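The chain contents come next:
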Amino acid sequence: MSTADQPIGSWLGDLGSGSPTPGGGAAAGVAAATGAALIAMVGHLTVGKEGFQDLDARMRSLVQTADGEREAFLALADQDAEAFEAVLASFKLPRETDEEKASRTLKIQEAYEAAAEVPLQLAKRAIQLMELAEDATAMGNPHAASDGYSAGALLFSAALSAMANVRINAAGLKDQSKGQGLVDECDTLRERAETLLQQIEEAFLLRLAT
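Residues numbered from 1 in each chain as written. Predicted model: local features only at pLDDT ≥ 70, side-chain atom pairs only at ≥ 80, totals over all residues. Heavy atoms only, no water.

(A) Layout of the overall build of the chain. Regarding its fold elements, the chain presents six helices and zero strands. In the chain, the succession of α and β elements from N to C terminus is α-α-α-α-α-α. Each principal axis of the C-alpha atoms in the chain carries an extent, and together these give about 75 × 35 × 25 Å. In the chain, which comprises 210 residues, the proportion classed as buried is 43%. The long-range fraction of contacts in the chain, counting pairs at least 24 apart against all pairs at least 6 apart in sequence, stands at 77%. Entry remark: accessible area of the chain is about 10800 Å², with carbon and sulfur atoms responsible for 53%. (Helix = DSSP H or I, 4+ residues; strand = E, 2+ residues; numbered from the N terminus. Buried < 20%, exposed > 50% of the residue type's maximum accessible area, 1.4 Å probe, protein only. Contact = heavy atoms within 4.5 Å. Areas by Shrake-Rupley, 256 points an atom, 1.4 Å probe, with all protein chains shown as cover.)

What follows is the structure, encoded as structure tokens:
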């Protein structure tokens, strides 16, 4: 059953079990989806409200984008689990002959690369959506400013968790230049995420002061 179709309690039970999947990457996807849902919430609480009529179009667009991203993050949660299961499966391949050993090594490397790519995409999308969390916090209904801030914090946490999964899979790559490239990309993404989180917090504090 897909993450989107599971009751949250059931999914968390699976997460807390001894099974290797779902794991941290899938949890990052669910956290990011939760952040996206909170952005949509702020939009819904702003559309049609007195004093915010000039923001209706902006907020409707915000809701539409956030709803789409929520679905994408849940799909990425499933893809992350599938990618790691492929890593586990590659280690179980036969290695009796030289040909089998070579094939197994190649499959392991391909699996590690795929397992790094999924959380990397998740991190990128989460950080991009943090920009929308800032808009929701700064422009949306001030009574929901804490929800906009919470969205940004969840997306930030999701990005960090996703990037941890990028790094651990990159460490398994024999191609050191490729692995270092992934690490460098994560460093750049983290800097952007930290800047956005600070901006979101500043926007939240300004709403409290009004």
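(B) Molecular detail of the packing of helix H3 (residues 56-91) against helix H4 (residues 98-139). Interaxial distance between H3 and H4 falls to 9 Å at its minimum, and their mutual angle equals 160°. By the criterion of interaxial angle, the relationship of H3 to H4 is roughly antiparallel. Remark: the crossing between H3 and H4 carries left-handed chirality. Considered class by class, the residues forming the contact of H3 with H4 number 23 nonpolar, three polar and seven charged. (Axes fitted to C-alpha atoms, helices over the stretch in contact; angles between N-to-C directions. Parallel < 35°, antiparallel > 145°, perpendicular 65-115°, else oblique. Left-handed = near helix turned anticlockwise from the far one by under 90°. Nonpolar A, V, L, I, M, F, W, Y, C, P; charged D, E, K, R; others polar.)

(C) A look at the packing of aromatic side chains. Tallied over the entire structure, the rule returns two aromatic pairs. With centroids separated by 6.1 Å and ring planes inclined at 75°, the aromatic side chains of Phe91 and Tyr112 adopt a geometry described as edge-to-face. Taken together, the residues span a long stretch of sequence, with Phe91 in helix H3 and Tyr112 in helix H4 at a distance of 21 residues. With relative accessibility at 37%, the residue Phe91 sits in the partly exposed group. (Phe/Tyr/Trp six-rings, centres within 6.5 Å; stacked < 30°, edge-to-face > 60°.)

(D) Main features of the pattern of salt bridges. Across all of its chains, the model carries eight salt bridges by this definition. With its nearest N and O atoms 2.4 Å apart, the salt bridge here joins Arg58 to Asp135. Here Arg58 is found in helix H3, whereas its partner Asp135 is found in helix H4, with 77 residues between them in sequence. Judged by relative accessible area, which is 29%, Arg58 ranks as partly exposed. According to the relative accessible area criterion, Asp135 is partly exposed, its value standing at 23%. Among the ionic pairs, Arg125 bridges to Glu69, the shortest N-O distance being 2.7 Å. Residue Arg125 is found in helix H4, and its partner Glu69 is found in helix H3; the two are separated by 56 residues along the sequence. (Salt bridge = Lys/Arg side-chain N within 4 Å of Asp/Glu carboxyl O.)

(E) Region of interest: the nonpolar core. Membership of the largest hydrophobic core comes to 58 residues, with the highest contact counts inside it found for Ile39, Phe73, Met130 and Leu155. Counting only elements with at least two residues in this core, the list comes to helix H2 (24-44), H3, H4, helix H5 (145-170) and helix H6 (176-209). No other element matches the 16 residues that H4 contributes to this core. Each residue touching Met130, except ones within four places of it in the same chain, is listed here: Gly152, Leu155, Phe156, Ala193, Leu196, Leu197 and Ile200. (Core = buried A, V, L, I, M, F, W, Y, C linked by side-chain atoms within 4.5 Å.)

(F) Main features of the side chain of Gln109. By the element assignment, Gln109 lies in helix H4. Non-local contacts of Gln109, meaning those with residues more than four positions away in its chain, are made with Gly172, Leu173, Lys174 and Asp175.

(G) The packing of H2 against H4, seen in detail. Their axes nearest at 10 Å, the elements H2 and H4 cross at an angle of 20°. As far as their axial angle goes, H4 and H2 are roughly parallel. Between H2 and H4 the crossing geometry is left-handed. Taken together, the residues of H4 that come into contact with H2 (itself represented by Gly25, Ala28, Gly29, Ala32, Ala36, Ile39 and Val42) are Leu122, Leu129, Leu132, Ala133 and Ala136. A breakdown of the residues in the contact of H2 with H4 according to their chemical character gives 10 nonpolar, two polar and no charged.

Nothing here speaks to function; it is geometry throughout.
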